[in-house]
Amino acid sequence: MQWASILLLAGLCSLTQGQYDEDSHWWIQYLRNQQSTYYDPYDPYPYEPSEPYPYGVEEGPAYAYGAQPAPEPRDCPQECDCPPNFPTAMYCDNRNLKYLPFVPSRMKYVYFQNNQIAAIQEGVFDNATGLLWIALHGNQITSDKIGRKVFSKLRQLERLYLDHNNLTRMPGPLPRSLRELHLDHNQISRVPNNALEGLENLTALYLHHNEIQEVGSSMRGLRSLILLDLSYNHLRRVPDGLPSALEQLYLEHNNVYTVPDSYFRGSPKLLYVRLSHNSLTNNGLATNTFNSSSILELDLSYNQLQKIPPVNTNLENLYLQGNRINEFSISSFCTVVDVMNFSKLQVLRLDGNEIKRSAVPVDAPLCLRLASLIEI
């Protein structure tokens with residue numbers, strides 16, 4: 001096998017057809033024997049910081065209990081802590097609170113997470129209209145007990161955490177200043193077309209782990225949106241149009257069975273797409289569905305595909321494990337196979353399919369010359 005690695009490293013371009021015929025699958029075994037580290041497709045956000053909530057000193061005020069004597073009661077509710085070295089932050093988390101306390105006007109960061117709060121009463125934030133972050137995740141808030149205009153006066157609000165509650169509807173209206181909206185782990189069933197209207201500065205929207213069946217065209221106006229997570233819902237269709245600035249799209253664990261032709265062309269910055277654990281078949285995919293030059297990583301694992309869908313040569317990571325694929329079509333990766341035309345694919349997962357190693361064509365090493373991991 002030593003001659004194989006030498007030829008591989010020297011460039012497969014010079015290999016002749018006769019050399020491929022002698023042992024057409026040595027290169028796959030060579031790749032399997034290398035110690036490769038590759039992206040885990042089930043890491044929730046591999047391209048984001050691992051800490052989901054901004055409590056670190058790099059982003060916002062640190063939690064500094066006991067650093068200095070507590071402020072006077074008139075400056076801070078007795079149920080909370082307001083560290084003097086961070087005078088604009090108020091920590092009321094993990095206190096078994098059943099209500100929202102008074103918020104002093106100087107506050108910009110308020111943390112009410114992991115309590116038993118069931119309502120956000122009208123006017124509760126009217127005294128602190130300069131708020132930037134509001135953390136209300138891990139409570140018992142229901143949609144019927146959120147004041148209709150409770151957020152509308154917060155014209156500087158950037159991050160709102162309402163995940164892990166009991167919401168059944170999208171909250172609103174929301175301020176145009178919002179940049180991150182966390183609504184995951186609720187019971188929201190639909191996203192009306194006007195639910196996100198005016199949120200032109202929103203960059204990240206987390207709606208995963210809900211009961212959403214339809215989103216319609218509600219995402220089209222989010223011109224600054226970079227990350228959209230709709231995973232773990234009940235969607236049968238992809239959203240009607242994607243934002244042009246989108247870079248990360250998470251749709252895994254839904255019931256999506258079709259993706260329109262050229263669906264991703266409206267998002268020229270899109271890099272990462274997850275559609276694993278859906279109901280996709282080859283009949284539900286057009287020829288150019290995934291032929292997007294911007295996409296670097298595509299996860300189509302655990303669907304019902306029987307053939308490898310055509311992908312762009314710029315794609316670097318393709319996950320197809322757990323399908324019903326029974327053939328290896330080199331034209332899915334390279335329309336022309338020669339010295340100058342080849343795929344940039346580095347990771348290809350085909351394990352858990354009906355395909356056999358003997359089905360790999362002899363010109364596969366020439367097309368997939370940059371691959372560092374191929375699992376069959």
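Summary of the structure given here. Nothing here was measured: the structure is a model prediction, and the numbers come from that model. (Residues numbered from 1 in each chain as written. Predicted model: local features only at pLDDT ≥ 70, side-chain atom pairs only at ≥ 80, totals over all residues. Heavy atoms only, no water.)

A word on the overall build of the protein chain
- Per the secondary structure count, the protein chain includes 4 helices and 13 strands.
- A sequence separation of at least 24 residues applies to 48% of the contacts in the protein chain between residues at least 6 apart.
- Looking at the protein chain as shown, the accessible area adds up to about 17,500 Å², and 46% of this sits on carbon and sulfur atoms. (Helix = DSSP H or I, 4+ residues; strand = E, 2+ residues; numbered from the N terminus. Contact = heavy atoms within 4.5 Å. Areas by Shrake-Rupley, 256 points an atom, 1.4 Å probe, with all protein chains shown as cover.)

Considering the state of the cysteines
- This model, assessed by the stated rule, comprises 3 disulfides.
- Here Cys76 connects covalently by a disulfide to Cys82, the sulfurs 2.0 Å from one another. Here the disulfide of Cys76 and Cys82 is right-handed, its torsion about the S-S bond being about 75°. Here Cys76 and Cys82 have matching classes, each one buried.
- Covalently, Cys334 is tied to Cys367 through a disulfide, its sulfur atoms 2.0 Å apart. Judged by the sign of its S-S torsion, about 85°, the bond between Cys334 and Cys367 is right-handed. (Disulfide = S-S within 2.5 Å. Buried < 20%, exposed > 50% of the residue type's maximum accessible area, 1.4 Å probe, protein only.)

Observations regarding the side chain of Asn312
- Within the secondary structure layout, Asn312 lies in the loop between strand 10 (297-299) and strand 11 (317-319).
- Among the polar contacts listed, one links the side chain of Asn312 to the side chain of Asn291, at a separation of 2.8 Å.
- Look past the residues within four positions of Asn312 in its chain and what remains in contact with it is Phe290, Asn291, Ser292 and Ser293. (Polar contact = N/O pair within 3.5 Å; in protein donor to acceptor, adjacent residues only side chain to side chain.)

A closer look at the side chain of Asn139
- Secondary-structure assignment places Asn139 in the loop between strand 3 (133-135) and strand 4 (159-161).
- Within the structure, Asn139 has its side chain in polar contact with the backbone nitrogen of Asn115 (distance 3.2 Å).
- Leave out the neighbours within four places in its chain, and Asn139 touches Phe112, Gln113, Asn114, Asn115, Gln116, Ile117, His164 and Asn165.

Structural notes on the nonpolar core
- The biggest cluster of nonpolar side chains holds 88 residues, and the ones touching the most others in it are Ile120, Phe125, Phe151 and Phe333.
- Grouped together as the second largest cluster of nonpolar side chains are 8 residues, Tyr91, Tyr109, Leu132 and Tyr161 included. (Core = buried A, V, L, I, M, F, W, Y, C linked by side-chain atoms within 4.5 Å.)

As for the pattern of salt bridges
- Tallied over the full model, the rule gives 8 salt bridges.
- Of the charged contacts in the structure, one is a salt bridge between Asp126 and Lys153, with a shortest N-O distance of 3.4 Å. Within this pair, whereas Asp126 is found in the loop between strand 2 (109-111) and strand 3, its partner Lys153 is found in the loop between strand 3 and strand 4, the two being separated by 27 residues in sequence.
- You can call Asp126 partly exposed: its relative accessible area is 36%.
- Residue classification places Lys153 among the partly exposed positions, given a relative accessible area of 48%.
- Of the charged contacts in the structure, one is a salt bridge between Glu200 and Arg223, with a shortest N-O distance of 3.2 Å. (Salt bridge = Lys/Arg side-chain N within 4 Å of Asp/Glu carboxyl O.)

Things to note about the environment of Gln140
- Looking at where Gln140 falls in the secondary structure, it is placed in the loop between strand 3 and strand 4.
- Once the C-alpha coordinates of Gln140 and Gln116 are considered, the two residues, 24 residues apart in sequence, prove to be 5.7 Å apart.
- Filtering out sequence-adjacent residues up to four positions away, Gln140 remains in contact with Gln116, Ile117, Ala118, Asn165 and Asn166.

Observations regarding unusual backbone geometry
- Residue Pro173 is reached from Gly172 by a cis peptide bond, and omega for that bond is 0°.
- Residue Asn96 is not a glycine yet carries a positive backbone phi of 60°.
- Looking at the secondary structure, you find Asn96 in the loop between strand 1 (89-91) and strand 2.
- When its relative accessible area of 56% is taken as the criterion, Asn96 is described as exposed.

Focus on the packing of aromatic side chains
- Under the counting rule described, the total for this entry stands at 6 aromatic pairs.
- Between the aromatic rings of Phe125 and Phe151, the centroid separation amounts to 6.3 Å while the plane-to-plane angle is 25°, which identifies the pairing as stacked. Residue Phe125 is found in the loop between strand 2 and strand 3, and its partner Phe151 is found in the loop between strand 3 and strand 4; the two are separated by 26 residues along the sequence. Accessibility assignment for this pair places Phe125 and Phe151 in one class, buried.
- Here the aromatic residues Tyr263, Phe264 and Phe290 are joined through ring pairs into a cluster of three or more. (Phe/Tyr/Trp six-rings, centres within 6.5 Å; stacked < 30°, edge-to-face > 60°.)

Quick notes on the environment of Lys108
- By the element assignment, Lys108 lies in the loop between strand 1 and strand 2.
- Classification of Lys108 by relative accessible area gives partly exposed; the value is 30%.
- Distance in space between the C-alpha atoms of Lys108 and Leu131 is 4.0 Å, their sequence separation being 23 residues.

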